[in-house]
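# Observations on the model geometry
One letter stands for each residue in the lines below.
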Amino acid sequence: MIKPEILAPAGDFECLSSAVKFGADAVFLAGKQFGMRTASKNFDLDELKKACELAHMNGVKIHLTCNTLPRNDELAALPSFLEASADAGVDAFIIADVGVMEMAKKYAPSVAIHVSTQAGITNFATANTLYNMGASRVVLARELSLEEIAGIRANTPSELEIECFVHGAMCVSFSGRCLISSYMTGRDANRGDCAQPCRWKYHLFEENRDGQFFPVEENDQGTFLYNSRDLCMIEHIPELVKAGISSFKIEGRAKSSYYVSVITNAYRHAVNEYMKNPEGFVLPDWIKEETEKISHREYNTGFYFGSEPGQVTANGGYIRHYDVVAFCETSDGFTAKITQRNKFFTGDTLDILPPSGIPFNVKCLGLINENGESVESAPHAMEKLLMRTDAEIPAGSVIRKKKK
């Protein structure tokens, strides 16, 4: 049995640091070109070098997304991009286009090639062909069942790694190949610029009755035609491992460092617990609870177990049970130096996620601002404060508060 890799997303350096701190084996991120998430800050060349240095110091790999479908006029920039990324120290390119794949082999031969989920790999013949072309890993289409994944694993070389998404937002189109955004907004989803019109609320008008509105609703909140649920496989670690998946991929390069911290930590601990005792594995309750502490849509298991309700019909928004209120910078006994993110009060019970990853509660017994004054609340974002508590908060901890 091979222990699967935990592959975490990073849209900026803060997210990268969180992924490393909370247990990722590898991180996938983008440069300033050829990545499928233009909404993220992403990494310029200097930042990419620093990201590789930090990751490698901690035994973590960097997978660089080069997964757009470039047009003719963009190809001239690829050789220098590939060479510079290799020099920065990236361990793998995630590629969707076979032309880009050939260029990567030519201009960055030392960097491993992972074929993106956007290539729509659904069978072992395609996986084997890509392996023979030089891929060391394939990221399978999200539309496959566990049985189909196991079939691919059984009919491909053991050296070919298999990566699958296990958590995060799902795209309504096949393997992310969508034209809705292009048609409706002019923003090309296949070049990293999706406007997410699948999440919008839709209504019906009759063409001969100008401006007359006809409600055709799934419920009293409106109609959400394409609004897919979020994927969550935290309760199915044994099935994922037994299917032969080499890497558990967490979606979310446009998400916050808090999301990266919590979800990376949850899957890290879930996999570690499973590997300790595969036959007697029971997922600890706290791990499942962690997946409910980040903003998310209603969860399901995607296509892994066949068809199940895939839409969120109630609304286009998120479920959010907790707020991040601060981060702990340093700690001296029961006094922590914190940076505030959301308002909270003296007397609040706070939920702590420490770098060790096992959450616990503390009570805020007092707050002192930068002027040395005792205050009843922390109302200013990014304010530095001292906080007295009834238990020590380790440096680097995330501090949360449950919403009422």
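Structure report, in brief. Everything numeric in this text was worked out from a predicted model, so none of it was measured.

### Description of the overall build of the protein chain
- The helix and strand inventory of the protein chain stands at 10 helices and 21 strands.
- Here the protein chain holds 404 residues, and 51% of them are scored as buried.
- Residue pairs in contact within the protein chain that sit at least 24 positions apart in sequence constitute 67% of those at least 6 positions apart.
- Working note: accessible area of the protein chain is about 18,400 Å², and carbon and sulfur atoms make up 50% of it.

### With respect to the nonpolar core
- One finds Leu29, Ile237, Tyr267 and Tyr304 to be the most contacted residues of the largest nonpolar core, which totals 85 residues.
- Per-element tally for this core: the top contributor is helix H9 (residues 257-276), with 10 residues.
- Each residue touching Ile237, except ones within four places of it in the same chain, is listed here: Phe248, Tyr267, Ala270, Val271, Tyr274 and Phe281.
- Formed by 16 residues, the second largest nonpolar core is a distinct cluster that contains Ile338, Val362, Leu385 and Met387.

### As for the environment of Ser247
- Inspection of the secondary structure assignment puts Ser247 in strand E11 (residues 247-250).
- A residue is classified by how much of its surface remains accessible, and Ser247, at 0% relative accessible area, is buried.
- Distance in space between the C-alpha atoms of Ser247 and Glu5 is 4.4 Å, their sequence separation being 242 residues.
- For Ser247, the contacting residues outside a window of four places in its chain are Glu5, Leu7, Arg137, Ile162, Glu163 and Cys164.

### Comments concerning the packing of helix H1 (residues 13-21) against H9
- Their axes nearest at 8 Å, the elements H1 and H9 cross at an angle of 15°. In terms of orientation, H1 lies roughly parallel with respect to H9. In terms of crossing hand, the pair formed by H1 and H9 is right-handed. Mapping the contact onto sequence places Glu14, Cys15, Ser18 and Ala19 in H1 and Ser257, Val260, Ser261 and Thr264 in H9.
- Tallied by class, the residues present in the contact of H1 with H9 amount to three nonpolar, four polar and one charged.

### Quick look at the pattern of salt bridges
- What the rule picks out here adds up to 19 salt bridges.
- Arg400 serves as the salt-bridge partner of Asp351, at 2.6 Å between the closest nitrogen and oxygen. A residue pair is termed long-range when its members are at least 10 positions apart, and Asp351 in strand E16 (residues 349-353) and Arg400 in strand E21 (residues 398-402) qualify at 49 residues. Residues Asp351 and Arg400 agree in their burial class; the two are buried.

### Section: the side chain of His114
- Relative to the helices and strands, His114 is located in strand E5 (residues 112-115).
- A residue is classified by how much of its surface remains accessible, and His114, at 3% relative accessible area, is buried.
- Once you skip the residues sitting within four places of it in the chain, His114 turns out to touch His63, Ala92, Phe93, Ile94, Ile95, Ser136, Arg137, Glu161 and Glu163.

### Quick notes on the pairing of strand E7 (residues 161-169)
- With eight of nine residues buried, E7 is to be regarded as a mostly interior element.
- For strand E6 (residues 137-139) and E7, the ladder comprises three bridges, and the chain directions are parallel. From the neighbouring strand, Val138 faces E7, where its bridge partner is Ile162.
- Between the parallel pair E6 and E7, the chain is carried across by helix H6 (residues 146-154), and the sense of this crossover is right-handed.
- Taken together, the four bridges between E7 and E11 define a ladder with parallel strand orientation. Bridged to His167 within E11 is Ile250.
- Sheet analysis places E7 next to strand E10 (residues 230-232), joined by three bridges and oriented antiparallel. Bridge assignment links His167 to a residue of E10, and that residue is Cys232.

### Description of empty space enclosed by the protein
- Per the stated rule, a full pass over the model turns up two cavities of 30 Å³ or more.
- Volume-wise, the largest cavity comes out at about 80 Å³.
- What lines the largest cavity is Leu140, Ala141, Arg142, Leu144, Ile149, Cys164, Phe165, Met170, Leu231, Gly302, Phe303 and Tyr304.
- For the lining of the largest cavity, the residue count by class is 10 nonpolar, one polar and one charged.

### Some points on the packing of helix H2 (residues 45-57) against helix H3 (residues 78-88)
- Relative to each other, H2 and H3 sit at 35°, their axes nearing to 8 Å. Only Ala84, Ser85 and Ala88 of H3 make contact with H2, whose side of the interface consists of Leu45, Leu48, Lys49 and Cys52.
- Looking at the contact of H2 with H3, its residues break down into five nonpolar, one polar and one charged.

### Structural notes on unusual backbone geometry
- For Asn42, which is not a glycine, the phi torsion comes out positive at approximately 65°.
- Turning to its location among the elements, Asn42 is positioned in the loop between strand E2 (26-30) and H2.
- Of note in the backbone geometry, Met382 takes a positive phi value of approximately 70° without being a glycine.
- In this fold, Met382 is placed in the loop between strand E19 (377-378) and strand E20 (384-389).
- Owing to a relative accessible area of 48%, Met382 belongs among the partly exposed residues under this scheme.

Cut-offs applied
Residues numbered from 1 in each chain as written. Predicted model: local features only at pLDDT ≥ 70, side-chain atom pairs only at ≥ 80, totals over all residues. Heavy atoms only, no water. Helix = DSSP H or I, 4+ residues; strand = E, 2+ residues; numbered from the N terminus. Buried < 20%, exposed > 50% of the residue type's maximum accessible area, 1.4 Å probe, protein only. Contact = heavy atoms within 4.5 Å. Areas by Shrake-Rupley, 256 points an atom, 1.4 Å probe, with all protein chains shown as cover. Core = buried A, V, L, I, M, F, W, Y, C linked by side-chain atoms within 4.5 Å. Axes fitted to C-alpha atoms, helices over the stretch in contact; angles between N-to-C directions. Parallel < 35°, antiparallel > 145°, perpendicular 65-115°, else oblique. Left-handed = near helix turned anticlockwise from the far one by under 90°. Nonpolar A, V, L, I, M, F, W, Y, C, P; charged D, E, K, R; others polar. Salt bridge = Lys/Arg side-chain N within 4 Å of Asp/Glu carboxyl O. Pairing = 2+ DSSP bridges. Right-handed = clockwise from strand over helix to strand, strands pointing away. 1 Å grid on protein atoms, 1.4 Å probe; cavity = no way out; pocket = protein on both sides within 12 Å on 5 of 7 lines; lining within 4 Å. Points joined across faces, edges and corners; volume = space filled by probe spheres on them.

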